[in-house]
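A look at the structure
Here are the chains, one letter per residue:
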Amino acid sequence: MVKKPLAVTLVFALASTLAGFGQSDTTAAAGGPDFVTRIQPILERNCVRCHNHDKDKGSLRLDTYEEMMKGGAEADAVVVGKPEESELIIRTHLRPIDEGFMPDEGQMLTGEELELLSDWVKTGAKWPKGVTLTEKKPEPVKRVAMPERPPANAAQAAAYLDDILKRENAAEKELFKAPGISDMAFLRRATIDLIGRIPTMDEIDHYEKAGADRRSKLIEELLGHDRFSERWTIFYADMLRIRSNLPGGNSLLAYVNQSIEQSKPYDTMVHELISASGRPNSNPAVGYILGENADPMELAAATSQIFLGVRLGCAMCHDHPFDDWQQKDFYELAAFFGKTKRVQSRNNGTVYATEGHEMMVMWPPEDKAKDKPRRPVAPTFPFTLTEYEKEPHYLTRFEQKRRKSDASKPKQDKDAAIEALLDGIDTSPSKPKDPILAEAKRESRKLNVHNDLYRVSELRDQLAGLVTSPRNGFFARAFVNRVWAELMGHGFVEPLDNFSDYTELRHATTLDYLAHEFIASGYDLRSLIRIIMLSDAYQLDHIEGDHALTERERAEKNFTAAPVRRMLGEVLYDSLVVAGHLSDYKWPAGANIKTIERQVRVPTGETRMIDGDSSTPAMQEAKTTIRRDGYDLESSLEVDFDSLLSRAEKSDIASMKNKSDEQIEAEKMAAMARMQSRTRMIYRTEIKTEKIDDNPRFSSAMLMATPAPPAHFLRVFGQPTREGLGEFREDHSSLRQQLMMLNGRLTNEAARVGPKEPLHKILQEDLRRAIEWAYLEILTRKPDAIESNRAHSIIQSASSPAEGMADLRWALLNSHEFRYQP
Amino acid sequence: MSGCNDYFYTRRNMLKLFSASVLGMPISRMMAQADPTKASAEHVILFWNSGGMSHLDTWDPKPGRKTQGEFNPIKTSVPGMEISEIFPQLAKQMHHAALIRSIQGTNGDHGRAQYELQTGFNVAPNVIHPGLGSLVVHEREPLGDLPAFISISGQAPRAGYLGQQCEAYYVGRPGEKDPYLAFPEGIHHERGQKRLEILAEMNARASGRTGCEEMKAAEVALKDAVNLMESPALKAFELKEESQDTIARYGDNEFGRGALLARRLVEKGVRFVQVNRGGFDNHGNIFEAMRNHGASMDPALASLIEDLKANGKLSKTLVVVLSEFGRTPRINNNGGRDHWARVFSAFMAGGGIKGGSIVGASDADGMDPGERPVKVYDIHATICAALGIDITKELYTHDGRPMKIVRKGGQAISELL
């Protein structure tokens, strides 16, 4: 257990040499470091939490001098004058993965702190009489003053935001601030962010003519655009980890898409997600519960991490190592899901969520119960809802807004599960406040219709109310942090779902302010986006190339310069489709007749006794619509959102899922082998030539089943698998990405100039204008003189203007400037 | 030097390394790479059999027991070592191979068990562990022009915290041309080169203006992509260079071609090849299914070992056959076997592994380990040890969380090395 001091000293010496710490920097004169100002804070922040009066891990206490000197169960904590023999020093110098490392499961001490501790032990471990240590939490986050009055409109809210950011950055010395971006760069950035593709020529034209307030007009148009909901469905799909291949996955995707389209308030949506019961066909929101297999533990972990930005799941097995959450907190949250059940119909395999009668979450945990009886846990919400003496204006505004919208809309059932409960029954929403109807509904909640199907969860309904409460400080902030990061490149807190007293929160007041405005807007996504995009912060340029890397990072972290962001995979895909006019045929029929050679296996007429194998012709012929070589990596297979939201039964698909993929595969192979009944036709390979009209057309990546298959274009460009919590998009460059763009069909078809696109004609008439057109269409800007001349010579030296233009466009589509947002 | 092409934030990573050293971690240790002088193997060919392959009908027959099933054991080139009759050709190569018959899995669910077998860790929140191939190419230097890690006929596990750059290069169907490795149809070489020149000019202007690390990283990736497209090593993908006889010997089917391609790739310096095969989740009619599997696997594996031996590569190439778990000793009413993780087997050959060894044993009916239980992560430790990778080393996730290469307590199987 006790490590060799020699190795430790070596590690330490190496570290301090590399880090360049000298004795003189940190050490006070002869007497050693002062206990109260230098040592006490280190012990209080890192050690006393587990070594105190109430909790003496390893039988060691570090809250008083006397206790410290008693040492722990195995060795002396401090040997005065001998740091190399003091367990306190040895263990803090270990690496975090070593056995016995301290602080156990905590953050390693800094080099400076380690040096101070060693020095203190060496110089006598002086501890003033009577000083008792108590645990200290990390320093609270610094905040600046909030604006006192509510903003008159979104533009003013954005101005307040900029003002807060500026005041929060005041302490940062010589912070570089990038200039604002040009109008055209703004058009490109905003269009990409809001509707998930680059702007078209018509849109560029329209924007240029829009006048001085074109930026705010553009934001309004984009917020109202059809594609807005599709683009932001991707955002939610990542956040909620929506997977098309899970029961209810596609319905959930369609539900989210529709919710955005209809401007459903975010809190209402989350309320529905948490409380839903029933089948995905009739209540698509239930996909969230089903996605976690209706497992109380998984649901508690996901709900706290996704909606509240708190990684409470780490407390599933033990008290949270890096935070103050106890295992009991986690169990009490899980208990809200403790009666939820996932049921699979035996008849047709349909999967649904319902509410059972018994509490399945028990305390103590199984592995800690020993012989003690385990009892059902009472659901308790571990987060406090803030009570205000005087209600802040954002809450008043929120309540006003809610009253108004409630009054103006015909009353709908707040609880979507009711829909599922009364599935098939016509519920004309007559007098909503009718006490008899209310009573009937209350009763119907308790009824077991459809043989105990789809029971509504009172517990989850209650939890949903607590989670989404405007008085719950975590809910709005967690969401705002994500939206901000989506638009600005990184969040106030990173990772985005890890709010804790122990992780860094930058610009806390800016975050709070946006969260309050988001609540005041009635949790309206578009209002939140509007404020962010109207701010100066959003409209900043990148830092120029000649700045030091550290300066660049500091400016980006403080939101005084925009980081370079690569387009999302889906956005890149759709931008290629738009830039290359590939959403519809750009060639007349018969213009691209190609003779292709294909290897086919033809039966020889002979048979032999042998095996069945996975690559039999029968299997190949089953998939005629996709490429047969395994490289169907750029297609888009659409999901029809509308039909998913209809109430038609899709039980055959559901029953497929009854079996695991592995089992289906095994049965398929076995069936194929049987079919050939061991006598197998002998085949020979022949080259067959065919004529095809290769007139490509691509649809939007936004509508694809999601996530795409592995190695697909979207996955290569960072689409996550959405399997685990805490998984975010990768934006690394890769070899595969480059090969896909260099040689892929999408880029190449986009580069070719089709007779049905405007450029075709312009190219014949006016080369200069054609070059300008190509630049505008692909990069949303005109070429400068150098670029224009270069393009001119490229096209003139090519074997035909069409080929030369295709080469130019291919390069533009492959360029950094296309792939990375302005 | 790592075999993963890490194009991302190269300078930023260096900064992070430095700040990590400030935290008291020895920088020399973090930079330490595998010690090739300790390596007995240079390459790995992993046959990943997805679905849970029956141990009883392959490597661990139980003659005379109720759990035996339809197959009889056959003698192999190693006295006393018997395997299932579905592997008659492979039986003659077993003096090059070792069997581990006492693996103790901990998950009976496909997803979790696949994660466990492929990464050596159990599923945990907020971290994704890298698969074996990603780990190996991260730790060992690259050997040639081709990607260090190639997956055939399906996907390899993800690289997790090691990042996308350590993920496998994907080969759809062995023997078919990869359309992404050459300029597209209609673009001849000079035209393609001209396009690349135009592009390089544009990119240099953009990255010069913004000074952006990400763009510079993308340019390195682009250069590597072009180098790969022009590499003579690409010929390794073309099975038409092999004689019809050779193709027939491996089996002219996807699995046989996959094994043949794996051999060709290893010859060209690919560090880790994973060949995927599905169809082992035999809840019904298992014997028919396994007979069919044997008919494909037997000639392919036997020919591979034979050829590697003949060309002198076997001693440096570790061939492994793994699956996520075994199957129930009891034969169910559908003539199948269900999931069984309590004990199952693995096959290893070459790469310095002591041929002809049997490690551990299951009990009489193949229910539990009978002697010398082997933990799943001992297999990972063994593979790492064969490749000279220090299993006590830790790696860092991008947010600085230290991770062990092999789960704590994992030990290489000393009998094999």
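The rules behind each value
Residues numbered from 1 in each chain as written. Chains lettered and ligands numbered in written order. Predicted model: local features only at pLDDT ≥ 70, side-chain atom pairs only at ≥ 80, totals over all residues. pLDDT = per-residue confidence, 0-100. Contact = placed C-beta atoms within 7 Å. Helix = DSSP H or I, 4+ residues; strand = E, 2+ residues; numbered from the N terminus. Buried ≥ 20, exposed ≤ 12 C-beta atoms within 10 Å, placed from the backbone. Pairing = 2+ DSSP bridges. Domains from an automatic or database assignment. Expected span 1.5 Å × (residues − 1).

Quick notes on the confidence of the model for chain B
Residues and elements named next belong to chain B. Here chain B averages 89 in pLDDT, and 91% of its residues register 70 or above. Contacts for the low-pLDDT stretch residues 8–32, under 50 throughout, to residues beyond four places or in other chains number 43 contacts. Across the assembled chains, the prediction reports ipTM 0.79 with pTM 0.80.

Things to note about the environment of Lys-341 of chain A
All names here are of chain A. Note on placement: Lys-341 falls in strand S1 (residues 340–344). Spatially, the C-alpha atom of Lys-341 lies 5.8 Å from that of Ala-294, the residues being 47 residues apart in sequence. When near neighbours in sequence (up to four residues on either side) are disregarded, Lys-341 contacts Ala-294, Ala-353, Thr-354 and Gly-356.

Thoughts on the pairing of strand S2 (residues 351–355) of chain A
All names here are of chain A. Of all five residues making up S2, five are buried, and the element is well covered by its neighbours. Side chains of S2 alternate between two faces, with Val-351, Ala-353 and Glu-355 and Tyr-352 and Thr-354 buried alike. Across five bridges, S1 lies against S2 in antiparallel orientation. By the bridge assignment for S2, Lys-341 is matched with Thr-354. Where S1 folds back onto S2 in an antiparallel hairpin, the turn is made up of six residues, including Gly-349, whose phi is positive at roughly 80°.

Digging into unusual backbone geometry
Residues and elements named next belong to chain A. In the segment running from Trp-363 into Pro-364, the intervening peptide bond is cis, with an omega of 0°. Position of Pro-364 among the secondary structure elements: in the loop between strand S3 (362–363) and helix H17 (366–369). With omega at -10°, the peptide bond leading from Glu-494 into Pro-495 counts as cis. Turning to its location among the elements, Pro-495 is positioned in the loop between helix H22 (473–488) and helix H23 (508–520). Unlike most non-glycine residues, His-507 shows phi in positive territory, near 55°. Position of His-507 among the secondary structure elements: in the loop between H22 and H23. Its identity as a non-glycine residue notwithstanding, His-581 has a phi of 50°, on the positive side. Residue class for His-581 comes out buried when judged on the 22 C-beta atoms lying within 10 Å of it.

Quick word on the domain arrangement of chain B
Structurally, chain B comprises domain 1 (10–177 + 238–416) and domain 2 (186–233). With centres defined by C-alpha atoms, the gap from domain 1 of chain B to domain 2 of chain B works out at 36 Å.

Some words on helix H12 (residues 249–261) of chain A
Residue and element names in this part refer to chain A. Over its 13 residues, H12 runs 19 Å from end to end, which matches the ideal 18 Å to within 8%, given 1.5 Å per residue. Turning to H12, its buried residues are Gly-249, Asn-250, Ser-251, Leu-252, Leu-253, Ala-254, Tyr-255, Val-256, Asn-257, Ser-259 and Ile-260. Directly after H12, the chain includes Ser-263, whose backbone phi takes a positive value near 50°.

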